[in-house]
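# Notes for the structure review
Letter by letter, the chains look like this.
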Amino acid sequence: MLIEFITGAEREEFLSDFLDAIKNFHPKLESTVDLWMNDEIQFVVNSDLGNFVFSKDSWGFAFVWSDENQPCVKGISNLLGFDNRFEKVEAVR
């Protein structure tokens with residue numbers, strides 16, 4: 001499971017809005033990786049649900065994933081669905 005943000009990620013305050021939206025899970029930025037080859041920054045975040053990665057690139061795309069903890073991603077998705085700063089659109093298979 002992956003959360004993809006398709007609009008709004010280019011805004012400067014996007015990361016702070018995202019962290020505020022999931023504040024019930026007590027997110028804490030653990031580390032930052034600057035992937036300059038991809039024009040991407042990855043933030044490793046620890047929360048009450050476990051660790052996950054928030055990735056943002058210079059083209060305005062952002063993603064959230066956790067290779068080892070899918071319930072964490074699902075919990076974040078559910079919480080974002082209740083925040084009016086975000087719109088949840090389910091992928092159709």
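Residues numbered from 1 in each chain as written. Predicted model: local features only at pLDDT ≥ 70, side-chain atom pairs only at ≥ 80, totals over all residues. Heavy atoms only, no water.

## Things to note about the packing of aromatic side chains
- If you walk through the whole model with that rule in mind, you get nine aromatic pairs.
- Where Phe-43 meets Phe-54, the ring centres are 6.0 Å apart and the plane angle is 40°; that geometry is what we call tilted. Placement of the pair is Phe-43 in strand S3 (residues 40-47) and Phe-54 in strand S4 (residues 50-57), with a sequence separation of 11 residues.
- Of the residues examined, Phe-43 reaches a relative accessible area of 14% and is grouped as buried. (Phe/Tyr/Trp six-rings, centres within 6.5 Å; stacked < 30°, edge-to-face > 60°. Helix = DSSP H or I, 4+ residues; strand = E, 2+ residues; numbered from the N terminus. Buried < 20%, exposed > 50% of the residue type's maximum accessible area, 1.4 Å probe, protein only.)

## Section: the sheet that holds strand S1 (residues 2-5)
- Within the open sheet, the five strands sit side by side as S1-S5-S4-S3-S2. Their pairing is antiparallel. Of all the strands in the sheet, the pair left with one neighbour each is S1 and strand S2 (28-35). Each strand of the sheet is rotated relative to its neighbour by a mean of 15°, with strand direction disregarded.
- Bridge analysis of S4 against strand S5 (residues 62-65) gives four bridges, and the strand direction is antiparallel. Within S5, the position partnered with Lys-56 by the bridge is Ala-62.
- Here helix H1 (residues 14-21) sits on the sheet and contacts S1, S2, S3, S4 and S5; the angle it forms with S4, its principal contact strand, is near 155°.
- Taken strand by strand, helix H2 (residues 70-80) contacts S1, S3, S4 and S5, and its axis lies near 40° from that of S1. (Pairing = 2+ DSSP bridges. Axes fitted to C-alpha atoms, helices over the stretch in contact; angles between N-to-C directions. Contact = heavy atoms within 4.5 Å.)

## Regarding the pairing of S1
- Alternating positions in S1 separate cleanly, Ile-3 and Phe-5 being buried on one face and Leu-2 and Glu-4 remaining unburied on the opposite face.
- In this sheet, S5 lies alongside S1 in antiparallel orientation, the contact comprising four bridges. Residue pairing across strands places Ile-3 opposite Val-64, the latter belonging to S5.

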